[in-house]
Each structure stands twice: as C-alpha cells, then as structure tokens.
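If you want the building blocks of each chain, they are given just below.
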Amino acid sequence: ALPILQGVFHKNFDIISSTFRQFESDGYKIYILSDSEPQFERLRSIFDDRKDDIRFTPVLRTLHEGFVDNERKICAFTDHQIFERFHKYTLKSDRVRSGKLALSLKELSQIEVGDFIVHVDHGVGRFGGLVRTAVNGKMQEMIKLTYLNDDKIFVSIHSLHKLAKYRGKEGVPPKLNKLGSGAWNRVKERTKSKLKDIARDLIQLYAARRKEKGFAYSPDGYLQHELEASFIYEDTPDQLKATEAVKADMESERPMDRLVCGDVGFGKTEVAIRAAFKAACDGKQVAVLVPTTVLAYQHYQTFKHRLEGLPVSLEYLSRARTAKDTRRILEELKEGKVDILIGTHKLISKSVQWHDLGLLIIDEEQKFGVSTKEKLRQLKVNVDTLTMSATPIPRTLQFSLMGARDMSIMRTPPPNRYPIQTEVITFDKSVIADAINFEMSRNGQVFFVCDRIAKLTELKLLIEKLVPDCRVAIGHGQMKPEELEKIIMGFINYDYDLLLSTTIVENGIDISNANTIIVNDAHRFGLSDLHQMRGRVGRSNKKAFCYLIAPAKACLTPESRRRLEALETFSDLGCGFNLAMQDLDIRGAGNLLGSEQSGFMEDLGYETYQKILNQAVTELKNDEFGDLYQEEMDEGQQLTGDDFVDDCSIESDLEMYFPDTYVPGSSERMLLYRELDRIENDDDLAAYRKRIIDRFGPVPREGEELMHVVSLRRLGKRLGC
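Residues numbered from 1 in each chain as written. Predicted model: local features only at pLDDT ≥ 70, side-chain atom pairs only at ≥ 80, totals over all residues. Heavy atoms only, no water.

### What about the pattern of salt bridges?
Counted according to the given criterion, the structure contains 41 salt bridges. Arginine 328 serves as the salt-bridge partner of aspartate 325, at 3.9 Å between the closest nitrogen and oxygen. Here aspartate 325 pairs with arginine 328, and both are found in helix α11 (residues 323-335), just three residues apart, close to one helical turn. On the accessibility criterion, aspartate 325 (24% relative accessible area) is partly exposed. A relative accessible area of 31% means that arginine 328 is categorised as partly exposed. Counted as one network, the salt bridges with shared partners bring together Arg42, Asp220, Glu228, Asp235, Lys247, Glu251, Glu270, Arg274, Lys278 and Arg306. (Salt bridge = Lys/Arg side-chain N within 4 Å of Asp/Glu carboxyl O. Helix = DSSP H or I, 4+ residues; strand = E, 2+ residues; numbered from the N terminus. Buried < 20%, exposed > 50% of the residue type's maximum accessible area, 1.4 Å probe, protein only.)

### With respect to the environment of leucine 163
Relative to the elements of secondary structure, leucine 163 occurs in strand β10 (residues 163-165). Of the residues examined, leucine 163 reaches a relative accessible area of 6% and is grouped as buried. In the structure, leucine 163 is positioned 40 residues away from glycine 123 in sequence and 9.5 Å away in space, judged by C-alpha atoms. Ignoring anything within four residues of it in the chain, the contact list for leucine 163 reads Ile117, Val118, His119, Ile143, Leu145 and Arg674. (Contact = heavy atoms within 4.5 Å.)

### Regarding the nonpolar core
Membership of the largest hydrophobic core comes to 36 residues, with the highest contact counts inside it found for Phe303, Leu307, Ile340, Ile342, Leu359 and Ile361. Listing elements by their share of this core, those giving two or more residues are α8 (237-251), α9 (268-281), β12 (285-289), α10 (293-306), β13 (314-317), β14 (340-343), β15 (357-363) and β16 (384-389). Setting aside residues no more than four positions away along its own chain, isoleucine 340 makes contact with Ala276, Val286, Val288, Phe303, Leu307, Val312, Ser313, Leu314 and Glu315. Counting 31 residues, the second largest nonpolar core, distinct from the first, contains Phe127, Met656, Tyr673 and Val709. (Core = buried A, V, L, I, M, F, W, Y, C linked by side-chain atoms within 4.5 Å.)

### Comments concerning the sheet that holds strand β8 (residues 138-146)
Spatially, β9-β8-β7-β6-β10 is the arrangement adopted by the five strands of the open sheet, whose pairing is antiparallel. Each edge of the open sheet carries a strand with a single partner, namely β9 (152-156) and β10. Across the sheet, the mean angle from the axis of one strand to that of its neighbour is 45°, orientation sign disregarded. Here four bridges tie strand β6 (residues 116-119) to strand β7 (residues 123-135), and the two strands are oriented antiparallel to one another. The residue of β7 that forms the bridge with valine 118 is valine 124. Along the sheet, helix α23 (residues 666-677) contacts β7, β8 and β10; its crossing angle with β7, the most-contacted strand, is approximately 100°. (Pairing = 2+ DSSP bridges. Axes fitted to C-alpha atoms, helices over the stretch in contact; angles between N-to-C directions.)

### Some words on the pairing of strand β22 (residues 514-519)
A large share of β22 lies buried, amounting to six of its six residues. The pairing of strand β19 (residues 445-449) with β22 spans five bridges and is parallel. Bridge pairing in β22 places phenylalanine 447 opposite isoleucine 517. Relative to strand β23 (residues 545-549), β22 runs parallel, the two sharing four bridges. Its bridge partner lying in β23, isoleucine 517 is registered against cysteine 546.

### Topic: the confidence of the model for the protein
With 78% of its residues at a pLDDT of 70 or more, the protein has an overall mean of 78. Low pLDDT (under 50) marks residues 89-109, which in the prediction has 26 contacts with non-local residues, meaning those over four places away or in another chain. Every residue in residues 635-644 scores below 50 in pLDDT, and together they form 16 contacts with partners more than four places removed in sequence or on other chains. (pLDDT = per-residue confidence, 0-100.)

### A closer look at the packing of aromatic side chains
Scanning all chains against the criterion turns up 15 aromatic pairs. With a centroid separation of 5.1 Å and 70° between ring planes, the pair formed by phenylalanine 23 and tyrosine 28 is classed as edge-to-face. Judged by its relative accessible area of 13%, tyrosine 28 is buried. The interplanar angle of 85° and the centroid separation of 4.8 Å between the aromatic rings of phenylalanine 215 and tyrosine 217 together place this pair among those described as edge-to-face. Judged by its relative accessible area of 3%, tyrosine 217 is buried. Of the aromatic side chains, those joined through ring pairs into one cluster are Phe13, Phe20, Phe23, Tyr28, Phe47, Phe56 and Phe77. Here lysine 284 stacks its cationic end above the ring of phenylalanine 215, 4.5 Å away from the centre of that ring. (Phe/Tyr/Trp six-rings, centres within 6.5 Å; stacked < 30°, edge-to-face > 60°. Lys NZ or Arg CZ within 6 Å of the ring centre and 35° of its normal.)

If you want it as structure tokens, here you go:
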C-alpha cells in the first residue's frame, strides 16, 4: 500500500496533539522534519507548556510533504505543514550565494588594473596587478601598487587584509599618496582624534543608559513559541540572531536601545512583531511609530495578520482615522485596553496617554524631524526601544558602532526570495506593453516611476493606449494627502493594476502583489534611490522584474552609465545589499558624524575610515572607559579579542604561492589568496584545502607552504610577534 500524505493542521494544537497521541497508541513512530533546528525546540516547548506527553524524533531535513506509512508504522510530519509555513527547496548554490564569502569575492572580482586601492599603512595607490618577483633567489607572488611620482611597492599576498578598494565620493578621483612623507599617518591620527571626541560623548550616553533600570520581561511562553513557529517563511540566520538579541535585551533589567538594520524585505518587521507580542504577553503596551500614513496602515494589516487568533488588542492611529475612531482609540489606550498601537507622529502628541508603555518600535528613524526626536527622548525614559531601518547600513549605524546603541545587521536574504531581474532599456513601447501584460497575466501589479509630475498624465494616456484593460492610477507628492492616501490604499486593495507615480514609492511601500517596476529616465536617479525603488518589488515568492528606461548608453555621462551597469550586473540579492551599502556610505560621507567630519572619508576611503573608527572606539573602551566595560573584561571577552596584537607580518624566502600551471588565471588566484587571507580557524582551512583539491587537483608544494601561513600568523598574533 502507498503511504498516505500528511493533512494540514492549520496550527491547531488540540488536533495535532490528539492525532500524535492516537498514532503513538497505535504503535507508530513519529518523525518531525524541518530544515531549521529551532523549530524542534519550539515544538517541544509548545508540547511541554500544554503538558502533552508527546515524543518525536527530529530529522534535520524536510520534504515537500509529510506522509504516514501504515506498513512500516512510520509517521513523518513536516513543520511547514503543521504551522502552514511557506516551503521552498533550497539549492546548495543558493546557500553559497547568500553567504558572506560570496559578497567579498564578488566585490573583489571588481578590482581591475588601474583601480584605486587603499593600503592601511601607505595610503591611496593604483592597483598594478599580480606580479612575480624573486626574494633571496626564490619566486614570490606580490601585488603591485603605484603611488605618487610613480613610486612602487610590492605587497605580500599574506597582507591582502591590509588592502581595500577605494570608495569615496562618486566621480571624484582621490589624490595619490606620496610614499614616506608621513602625510598618510597624520591624516589617520587626525581622524582618530576627531572620532574619539565624538565617541567619548556617545559612550557617556551609553554609560548613563546602562545605569538605568527598566522592566525585565519574562522568558518566552507557549504563545510566543507558537507565533514564531508559524512564521510563513524559514528564518534567515541573521533574522534568528536579531530576534534572540532583542528578546535577551527585553529580558534584561537594562532598558533596550537596539538598532536592527538590513536591506528592503529582509524580515525586520517580523522581528518587531515578535518583540511587540512578547511585551504584550507581559501586560505592557507597545507603540509602533512610522513616518507615513500609508506605512501605518500597512503595518497594521501585517501585524493583524500575524497576530490573528492570539490574545492581543491592536489599533492604528493616523490622519486617515475619523475623529470618532481616534477618540475611542485614545480612551481605550488610556484604560489599557489597547496592547499595540501603530501610528504616525500623532503617537507622540500630548493627547495620547499611555496606561503602561513598555516598548517603543521606530521604523525608519532617519525620516523623522528634530522636534519629533526630542519628544521621543522624553517618551523613551526607561522604555525599551527598537529602531528599524530599511536603508542598508544607514548613517545611524555609526552611532551603534560607537556603543551608544546595540546593533543587529541582517545581511542574508530570505530563502524564498528570488533575485530581481534588472534590465536597462531604451524607451520601447512594445517592451513596456509586454512587461505590463505579463504582470497582469499572473494577476500582479506594476509600479511605473517617473520623476516629472508634468509627464504623468501623458504617460497614463500612453499606457491605456498600449494596454487598454490596464487600470491606471496616478500618485505624486503635490496631491492632497487624503487623495494620495486614497489612491495608494486603492492600489493596495487591488483596485488598480498600475500605479504611475513619482519617487513616493521609494518611501517604504510594501505591496507583495506588485512584482514589476518600470523606472522612466533612470539615469536621473542616484544608485541608492534606484536600489530602494527596485526593493519595492520581489517581496514575495514570485519572480520580480525591474526595467530601467534610459537613453542609449552612448548619450549618457560616464557616471550615469556606470550606475546603471552596476544595477544591471548586481541584481543578485546579496550583491544588491553590498552595492547599496557602498553607495549610501559614500554618498553620506560628509554627514556620518557631523559636518565637521566631511573630507576624511574622501581622504581615507570607506574601509580605512571604518577601521580607524573601530580602533578609536576600542581604545576608548580599553583606556578611558575601562571600568564601564569591566563586565566584558571579567568574562574574558577582551575588546581587542584573544590576540596580543592586531596583526602579524610574515616574510619568508620559501616559495609560497599557487603556480600558473595549477591555477591559470591571475584574477582567480587573487580570489583564492583573498579567501585564504580571511580564514581564521583550522576547520575552515581544511574545508578550503578540500575545495582547492576538488577544483584543481593535488596541491603543489608551493601551495601547501602558502596554506601553512594561516596557522603561523594566528600563532604570531597571539604571541605578539
């Protein structure tokens, strides 16, 4: 007899428990299959809290569907069917692509001969490629860098960690440094001194916050586990870490002040929902502050859907609510009948009185004005605060690096996400019509962005002519707020097929049914703007498309052409994050830490700037604020790590490199050297050797000598050599 396929339980644990008990009593062995280990713990916790004596065998691999085999007396249940979660088989290549290594290798492969490179000890030079040179009569492979007056240095392949591709203001080439002049060291010291001044104030703020006492929330209960296990998608590793960090902060007596930042659609809202529910379970109220009315409504719908069937009262407050509704909500809030209130800046007005506020969640903090932030500071006394930002590595990250805030970065995309297919096209009516028709054929919706309000009506007539059955709505910032909100709400509710708008869609609009975006005159936008707009689509498990309309490449400026080519090339999820991270940090270089800092980023490049920033903070924590961080010291978490020194240089006359006959391409060898340079433990080194042998065959003597350097350098750092 064929096995019977598993039915759907609709998250009903009464049915699940009785079904499992029945199978147990009939002598069946129960297996639960999942790709995520925390799911087993959640299930055990739920059964324990319900006092259900159910035993199951966990299997850390899942199937598309569970089954019952009556002949072998086996039941195999999948966690995604128990909890009604989305399930997509993850290919090995997807896992590789989403890892940190793929980001760094992709970034490294962009380096070409002639590019600007920053050496942490010598400054900005030009990359001259990989060269072979004799050291004491033995051949070594080196990296050639050219500086001012055509001076050259050769950097050992064991010092690749000291090099970084220069990232400064776009279109502005840096000045090459002069070797041996001391100017580079003076710039570094001056920057470190300025950074210390700002970091000192921020660490003092952090110290004051650590002394305050807040509310310590109780550990997760049965309902919290059920909420987390029922998340439709599998948690990404970063999402899991962020959730655990937020919950640990909430369970501590110290008031939480955590920044969670990551790319658009990487699951920050889910982290906020779990935190809000945890607070509500302990009888505390939650404020969710968002910058726009549209976002308030969207968050309300998202929270409502996720918390459905759970004992939580949820409301939202914005200009869209009637005066009668607003009065009712405020009265219920004061009486403690509303657990979670989502809203715009109305939340911090004098008319809003909280019964017992325990958690403040701020979405897109950088979009609020100074006066709003001042009111927030008064509201935040002894209240746990969670700040979310969809801007990858926003400027507020700098303050987190300095210790004024705790921080969680979400870099890994959800496993169900597909990369957004990005194409740069000229204005072609047939391509536009095909794109709209294809999206409509799968019941999807389209964003069409144009930065000129005057052109919107003309484009609407054109689209209606090209696709007669397309329902088009126009939206832009000069419309009355009520009218604009009505249009966007209509688009969310699928009253329209296409939203023709200005860049207002960049502002956090989350419509999972919209999976095609067309940007007119894309060459007029910055890289960051285009990346944020592209992030409006591809937020569900459907393949998404982004069409960038621009003149022919020959008519574009070099900067515009490079921006569009970068977006077209880096449409992969991880690479998109990397690309936006670079652009945002570069574009905002002058404002990272106040106007007086402008210029340092251009002199140093982004990576070197960050290294000096980290050095400045670490020195302050170890010296001036040693007593404040004594707890970490006592626990053995030395702020400088286990190593006695930061770095160890190795010079040898042994031949240590991968020969041309073993790895033919110089760019490929460069990638392998960089990967080897970043290895920090013996297990990773063994895995690296295995991959090398698999790809190129047995490692030659020179290659084996090269791989010994990893362990030797680590030992040297510990001994202080």
